[in-house]
Structure formats: C-alpha cells, structure tokens
Amino acid sequence: MLTFTLKRLLSGVILLIAVATATFFLAHAAIPDPTLGLLGSAATPEAQAALAQKIGTDRPVIVQFGDWITQLVQGNFGDSWRNFQPVSEQIATKLPVTLSVVTVGILISAVLGGVLGVVAGLRPNTWIDRVVKAGAVVLFALPGFWVALVLVMLFAVQLKWFPAVGYTTPEQSFGGWVQSITLPAIALAVGAVVMIAEQLRNAIIQADRQDYVRTLRSRGLPQWRITVHLLRNAAPASLTVLALMFVGLLSGAIVVEQIFALPGIGALTQGSSQNGDIPMLLGITVITVVFVVIVNFLLDILLGWINPKVRVK
C-alpha cells in the first residue's frame, strides 16, 4: 500500500509540474504584450515600455520562466501585474467562496446521485427506474446557467427563501452563509447528480447479474447486506465520475459565481483574463491543479482500499 501511495503521489507532482510549465508558455504565447491590457487602449508607448520593464516582460520568456518557477518552488506565486499585491493573498481571500460552493455541490451530488442510483439500480425496469432515467435525461439537457436563473427567480425573487446575490461569510452569520451558497451549489450539482445516478444505476445492475450475488441470495442474506456487496463493486466507477465532476464544478463555478455575484475565483479569473494579469492566471491554474491532484490522489487511495486489484495494477 505504501508503494502504491508513493507512486500516485509522484504522478501527481509530475502532473503539477507539466501543467504549470505548459500553462506558463501558453499564457505568454496568448498574451505577448500584456501592458496594453493592463494600461488600457489610451496608453502611450513610453508608459507601456516603463510597465514592461517594471513587471519584467521586456526580458526573454525563458528567463521569466526561470524566475517564476524558482519562486513557485519556494511557495511564492509572485505579485499581480494589475495591483502589485501578492497573488497568494488575493487567491486566499477568494478561494474559500469557491471551495464552499463546490464542496456543498459535490456533497449534494454524492448524496442525491447515490440514493437515486441505488433505488433505480435495485429496481430496474420499474416505474421508479423509468422516472429516474427520464429525470436524468431532462436535467442533463438543461444548461447550468438556465438552472441558476430559474432557481433565483423561484426561490429568491418569488419565495424569498434565499438571497438572489451576494455572499455571507460563516464568521458573519452561519445561517446566512448556508443561505448564500445553497442556490449556487444546487445549480452546480444538477448535472453531477444525473451523471452519478446513471453511472451507479448501471453499475449496480451489472453487479447484480454476477454469480456471487446469486450465491448470497441463495444463502438467505438480507437485502441490505447484498446491497452493501453491490455498492462495494459498483462504487469505483461512480467515485471516478464524482472526482471528474469536482474538476467540472470548479470550471462551472466561474459562470455560477457571475450569476449569483459571488466574490470567488470565477470573478478573479475573468478580471485577470481581461486585464492580461498572467501571474494571477498562473496562480489560479496552479491552485486548481493542486486540488485536482489532491482529489485524484484521495480517489486512488480510496479505490485501492475498496478494490485491492487496483493497487496491483
């Protein structure tokens, strides 16, 4: 198990270095002269040259990469080119907002998707299964931004159960924090619930046809114990989908945060992209990759614990 864990940890570090390197050169290729975006269209050539010298873009790209990667190894993301404040401090103020919405969205997806998938998988071709499948098709076809707008109009504007926009920190009010992230989390979770439910349903139906399940039933085991065995064999595929959904929800949070006016990473990413703030974009990318690596690492450990054959592979 230790060798398996070290291999997964090493692969995560390699992935982080590869993505960070590729993102650096792609960002500089896409934004060869960021001074125009930072100063605006009315900037003079003298002002652009002065800013380029200040932020170091007048040097060769390979030299800039050497400085950036050296700082990154030391845990320093550098300073923003827009306001010259440390990138890490600005991300630290925005990240809790995005993580709280995405985490609650993942929890909603796991619970609802798991329950619907188990119920439909244990009763295939019944009215419950058909309702779940029909609902999955409808919900999967709905765009996330449209779901967000419907939630705002129904639960915020008409029923006034939740705030339409804005974010409340847990320190200010725990109840207000729950209210402020509920609708964004539901808007993010709708598509993930459908995919997890469908994946788990199919996996349970396939596992239920195995010989060992018939043997368990012939021995007179109660249904709940058979269900536990089915979940143990059907869970890996659903957990993989759940991990992929975490990455998808991080990307989807950019749109949802704009609709609900949440001060998260989404708004920071959009503003940095418009201004050509490459250090901020690189910092956001690295942080995102770190969370992706952590989630996949935990997933591999969990899958290795559920199914020892994974550790051998």
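So, how was this worked out
- Residues numbered from 1 in each chain as written.
- Predicted model: local features only at pLDDT ≥ 70, side-chain atom pairs only at ≥ 80, totals over all residues.
- Heavy atoms only, no water.
- Helix = DSSP H or I, 4+ residues; strand = E, 2+ residues; numbered from the N terminus.
- Contact = heavy atoms within 4.5 Å.
- Areas by Shrake-Rupley, 256 points an atom, 1.4 Å probe, with all protein chains shown as cover.
- Phe/Tyr/Trp six-rings, centres within 6.5 Å; stacked < 30°, edge-to-face > 60°.
- Buried < 20%, exposed > 50% of the residue type's maximum accessible area, 1.4 Å probe, protein only.
- Lys NZ or Arg CZ within 6 Å of the ring centre and 35° of its normal.
- UniProt positions renumbered as here; feature names shortened; annotations may be inferred.
- Patch = residues over 30% accessible without salt bridge, like charges linked within 9 Å, V, L, I, M, F, W, Y side chains within 5 Å.
- Salt bridge = Lys/Arg side-chain N within 4 Å of Asp/Glu carboxyl O.
- Expected span 1.5 Å × (residues − 1).
- Bend = angle between axes of the 7 residues up to and from the residue.
- Axes fitted to C-alpha atoms, helices over the stretch in contact; angles between N-to-C directions.
- Parallel < 35°, antiparallel > 145°, perpendicular 65-115°, else oblique.
- Nonpolar A, V, L, I, M, F, W, Y, C, P; charged D, E, K, R; others polar.
- Core = buried A, V, L, I, M, F, W, Y, C linked by side-chain atoms within 4.5 Å.
- Domains from an automatic or database assignment.
- Buried area = accessible area lost by both parts, 1.4 Å probe.
- Polar contact = N/O pair within 3.5 Å; in protein donor to acceptor, adjacent residues only side chain to side chain.

Visitor: I would appreciate a short explanation of the overall build of the chain in the present structure.
Guide: Counting its secondary structure elements, the chain contains 13 helices and 0 strands. Mapped in sequence order, the helices and strands of the chain form the string α-α-α-α-α-α-α-α-α-α-α-α-α. A separation threshold of at least 6 residues defines the contact pool for the chain, and within that pool the share at least 24 residues apart is 72%. When the accessible surface of the chain is totalled, it reaches about 16,900 Å², and 67% of it is carbon and sulfur.

Visitor: Even after reading the chapter, I still don't get the packing of aromatic side chains, so can you show me in this structure?
Guide: Centre-to-centre distance and the angle between the planes together describe a pair of aromatic rings. Summed over all chains, the structure comprises 8 aromatic pairs. Residues F24 and W68 carry aromatic rings whose centres are separated by 5.3 Å and whose planes lie at 25° to one another, so their mutual orientation is stacked. Taken as a pair, F24 in helix α1 (residues 2-30) and W68 in helix α4 (residues 61-73) lie far apart in primary sequence, 44 residues in all. Comparing F24 with W68, the two get one shared label, buried. Cluster of aromatic residues (ring-pair linked, three or more members): F24, F25, F65 and W68. A cation sits over an aromatic face here: K54 above F84, 4.1 Å from the ring centre.

Visitor: Would you take a moment to explain the UniProt feature "transmembrane region" (unreviewed entry) in the chain for this structure?
Guide: UniProt's feature table lists "transmembrane region" (unreviewed entry) at residues 97-122, 134-157, 177-197, 239-260 and 280-306, given in the numbering used throughout. Secondary structure over residues 177-197 splits into 100% helix and 0% strand, and the C-alpha atoms at its two ends are 28 Å apart.

Visitor: What should I look at first to understand the UniProt feature "domain: ABC transmembrane type-1" (unreviewed entry) in the chain in this one?
Guide: The feature "domain: ABC transmembrane type-1" (unreviewed entry), as given by UniProt, occupies residues 95-299 in the numbering adopted here. From the first C-alpha to the last, residues 95-299 spans 22 Å; its make-up is 83% helix and 0% strand.

Visitor: I'm lost on a nonpolar patch on the surface in this one. Help?
Guide: On the surface, F145, W146, L149, V150, I254 and V255 cluster together into a nonpolar patch covering about 520 Å² of accessible area. Here the nonpolar patch takes 4 residues from helix α7 (residues 144-158), the largest share from any one element. Secondary-structure assignment places L149 in helix α7. For L149, a relative accessible area of 43% puts it in the partly exposed group.

Visitor: What is the right way to read the side chain of T269 from this model?
Guide: As for its placement among the helices and strands, T269 is situated in helix α11 (residues 265-275). For T269, a relative accessible area of 17% gives the class buried. Residue contacts for T269: discarding those within four places in its chain leaves I254, L281 and I284.

Visitor: Is there a simple way to explain helix α5 (residues 87-122) in this structure?
Guide: Residues lying three or four places apart along an α-helix face the same way, a consequence of the helix completing one turn every 3.6 residues. The terminal C-alpha atoms of α5 lie 50 Å apart, and with 36 residues this matches the ideal 52 Å at 1.5 Å per residue to within 8%. Where α5 bends most, the angle comes to about 35°, and this point is K94, followed within four residues by the proline P96.

Visitor: Got a minute to help me understand unusual backbone geometry in this structure?
Guide: Among all residues save glycine, negative phi is the norm, and among peptide bonds the norm is trans. Its identity as a non-glycine residue notwithstanding, F84 has a phi of 60°, on the positive side. Mapped onto the secondary structure, F84 falls in the loop between α4 and α5. At N125, a position not held by glycine, the phi torsion is positive, near 65°. On the basis of relative accessible area, N125 is assigned to the exposed category, the value being 57%.

Visitor: Help me out: how do you make sense of the packing of helix α10 (residues 223-259) against helix α12 (residues 278-306) in this one?
Guide: A pair of packed helices is characterised by two quantities: the angle between their axes and the separation of those axes. The geometry of α10 relative to α12 is characterised by a closest axis approach of 10 Å and an angle of 175° between their N-to-C directions. By the angle between their axes, α10 is roughly antiparallel relative to α12. Contacts from R232, A235, P236, L239, T240, A243, F246, V247 and L250 of α10 reach α12 at T288, F291, V292, V295, L299, L302, L303, W305 and I306. A breakdown of the residues in the contact of α10 with α12 according to their chemical character gives 15 nonpolar, 2 polar and 1 charged.

Visitor: Whenever I open this one, the nonpolar core confuses me. Can you help?
Guide: One broad trend across soluble globular proteins is that nonpolar side chains are buried collectively. In terms of nonpolar packing, the biggest core is built from 27 residues, with V102, I106, L188 and F260 touching the most fellow members. Counting residues in each nonpolar core, the second largest holds 22 residues, with L38, I91, V286 and I287 among its members.

Visitor: What is the right way to read the domain arrangement of the chain from this model?
Guide: Bring the parts together and some accessible area is lost; that lost area is often taken as the interface size. You can read the domains of the chain as domain 1 (1-74) and domain 2 (87-310). Placing a centre on the C-alpha atoms of domain 1 and another on those of domain 2 gives a separation of 31 Å. If you look at the interface, domain 1 gives 20 residues, while domain 2 gives 14 residues. Roughly 1,600 Å² is buried in total at the junction of domain 1 and domain 2, and carbon and sulfur atoms are behind 85% of that figure. Interface area lost by domain 1 to domain 2 is led by F4, R8 and L16, which between them contribute 27%. Our enumeration of links across domain 1 and domain 2 arrives at 0 salt bridges. Taken together, the connections running from domain 1 to domain 2 amount to 1 residue pair in polar contact (both at pLDDT 80 or more). Those elements that provide at least two residues to the side of domain 1 that touches domain 2 are α1, α2 (35-39) and α4. Of the residues contributing to the side of domain 1 that touches domain 2, the split by class is 14 nonpolar, 5 polar and 1 charged.

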